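Residue-level listing of the chains:
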Protein chains: 2
Amino acid sequence: MLAALALYTERGYEQTTVADIAQRAGVTERTFFRHFADKREVLFDGSGALQETVVAAIAAAPASDGPLDVVGAAMERAAVAMQDRRDFARQRAAIIAATPSLHERELLKLATLGTAAAAALRDRGVPPVAAALAAELGVAVFKVAFEQWITDSPDFPACIRAALAELSALHTPSPAPRP
Amino acid sequence: MLAALALYTERGYEQTTVADIAQRAGVTERTFFRHFADKREVLFDGSGALQETVVAAIAAAPASDGPLDVVGAAMERAAVAMQDRRDFARQRAAIIAATPSLHERELLKLATLGTAAAAALRDRGVPPVAAALAAELGVAVFKVAFEQWITDSPDFPACIRAALAELSALHTPSPAPRP
DNA sequence: TGGACGATGTCAGTCGCTGACATCACCGAC
DNA sequence: GTCGGTGATGTCAGCGACTGACATCGTCCA
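Undergrad: So what's going on with the protein's contact with DNA strand C? Residues and values would help.
TA: Lining the immediate environment of DNA strand C, one finds Val27, Thr28, Arg30, Thr31 and Arg34 of chain A together with Thr17, Val18, Ala19, Arg30, Phe33, Asp38 and Lys39 of chain B. Among the secondary structure elements, those contributing two or more residues to the surface near DNA strand C are helix H3 (29-35) of chain A together with helix H2 (18-25) and helix H3 (29-35) of chain B. With three residues, H3 of chain A is the single largest residue contributor to the surface near DNA strand C. Tallied by class, residues from the surface near DNA strand C come to four nonpolar, three polar and five charged.

Undergrad: Which residues make up the protein's contact with DNA strand D, and what values do they have?
TA: All residues in the neighbourhood of DNA strand D are listed as Thr17, Val18, Ala19, Arg30, Phe33, Asp38 and Lys39 of chain A together with Val27, Thr28, Arg30, Thr31 and Arg34 of chain B. Elements supplying a minimum of two residues to the surface near DNA strand D: helix H2 (18-25) and H3 of chain A together with H3 of chain B. Counting residues per element, the surface near DNA strand D draws most heavily on H3 of chain B, which supplies three residues. Within the surface near DNA strand D, the residues separate by chemical class into four nonpolar, three polar and five charged.

Undergrad: Any chance you could break down the packing of helix H8 (residues 128-151) of chain A against helix H9 (residues 156-170) of chain B for me, citing the residues and the numbers?
TA: For any two helices packed against each other, one specifies the inter-axial angle together with the distance between the axes. At a closest axis distance of 10 Å, the pairing of H8 of chain A and H9 of chain B adopts a crossing angle of 75 degrees. As the angle between them shows, H8 of chain A and H9 of chain B are arranged roughly perpendicular. Between H8 of chain A and H9 of chain B, the residues in contact are Val129, Ala130, Leu133 and Ala134 of chain A and Ala163, Glu166, Leu167 and Leu170 of chain B, respectively.

Undergrad: A description of the interface of chain A and chain B should follow, citing residues and the corresponding values.
TA: Taken residue by residue, the interface counts 27 residues in chain A and 27 residues in chain B. Going through the elements one at a time, helix H5 (67-82), helix H7 (100-123), H8 and helix H9 (156-170) of chain A are the ones with two or more residues in the side of chain A that touches chain B. Ranked by residues supplied to the side of chain A that touches chain B, first place goes to H8 of chain A with ten residues. Partitioned by chemical class, the residues of the side of chain A that touches chain B number 17 nonpolar, five polar and five charged.

Calculation notes
Residues numbered from 1 in each chain as written. Chains lettered and ligands numbered in written order. Predicted model: local features only at pLDDT ≥ 70, side-chain atom pairs only at ≥ 80, totals over all residues. Near = placed C-beta within 6 Å. Helix = DSSP H or I, 4+ residues; strand = E, 2+ residues; numbered from the N terminus. Nonpolar A, V, L, I, M, F, W, Y, C, P; charged D, E, K, R; others polar. Axes fitted to C-alpha atoms, helices over the stretch in contact; angles between N-to-C directions. Parallel < 35°, antiparallel > 145°, perpendicular 65-115°, else oblique. Contact = placed C-beta atoms within 7 Å.

Have a look at this one:
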């Protein structure tokens, strides 16, 4: 519902009551809860689609690619899909950042995305622990890149690539690998 | 409160009312909420101490170590501190796994741990993005290792080391590292 | 026409959580 | 020893999120 988003930005999440949202949307409080599991869920409608995008990208990756490349590419795919909604993402992120309760929910969505990605990797034959780890890495990259995207750079896929580069840089630090 | 933990395991989290917990603990519902911010927080009492352990370990690491080694060692420290409470951790994990709402809270705690770790890394001079990424990696390793610990291996620090090994293996895939 | 079905409204109730105020035990100052 | 302060607890009233049960209504199809 756009009514909810508007009210959340106007007067803040906690100051907004479900009755308020329902009224502005022209429905009953009861039917609000028939559309959304709870008051927070309104802001996470697209999460299902995002997850499908990632899972599909993982499944479609060339068999020769390693787990890390696969998740990296999948996250970039997701970034491409979100690219043209930066303003919306920003507004949403602002509300979420201002509300611990919503932050919680977002973390849950990302974690769910992570386990779905891990499952998709396992379907490719990646052993369970490696799959879980690679998926978590992918989510970590997504988080960091998202932050960069809404604060600094307008190019989300580029942020993903940059974060991936940082990631591999972490594994080849100052000391020369083998003297 | 141990009263809460007991009731949560006995009849499940959602079936347990705060009034129940308070009654078993011999206090009022009101004083329950004076001790804990909300019904979930009871299960996350130790999280502050855990975070302090990790942050302290990061701050105390030798200046020559790279970010990844630093967080890895810090997580191992945390693992050592938890090592002798495996049964408790198990029971707690079972309750949490059975309750989405509690899963959410746990993710929030881990995320908070992550940002604290990132801040500690930045204090060492690690640049912000690398710090954030390394911290997320540390949390990811912790998650995976924890899972291994309570299901398979009784040695938590060893699980951390194993997960760290898997992590670096991800960056040196199928092609043999050194023939 | 009628009847099945899905979306919505209505109502009552439970539970998490909070603010305001009272009570009480303990403890140091005088 | 008493007084006053302080911190922990109890009491009470109330709001808001969420749910279950039942009624209503529109739509579409036989």
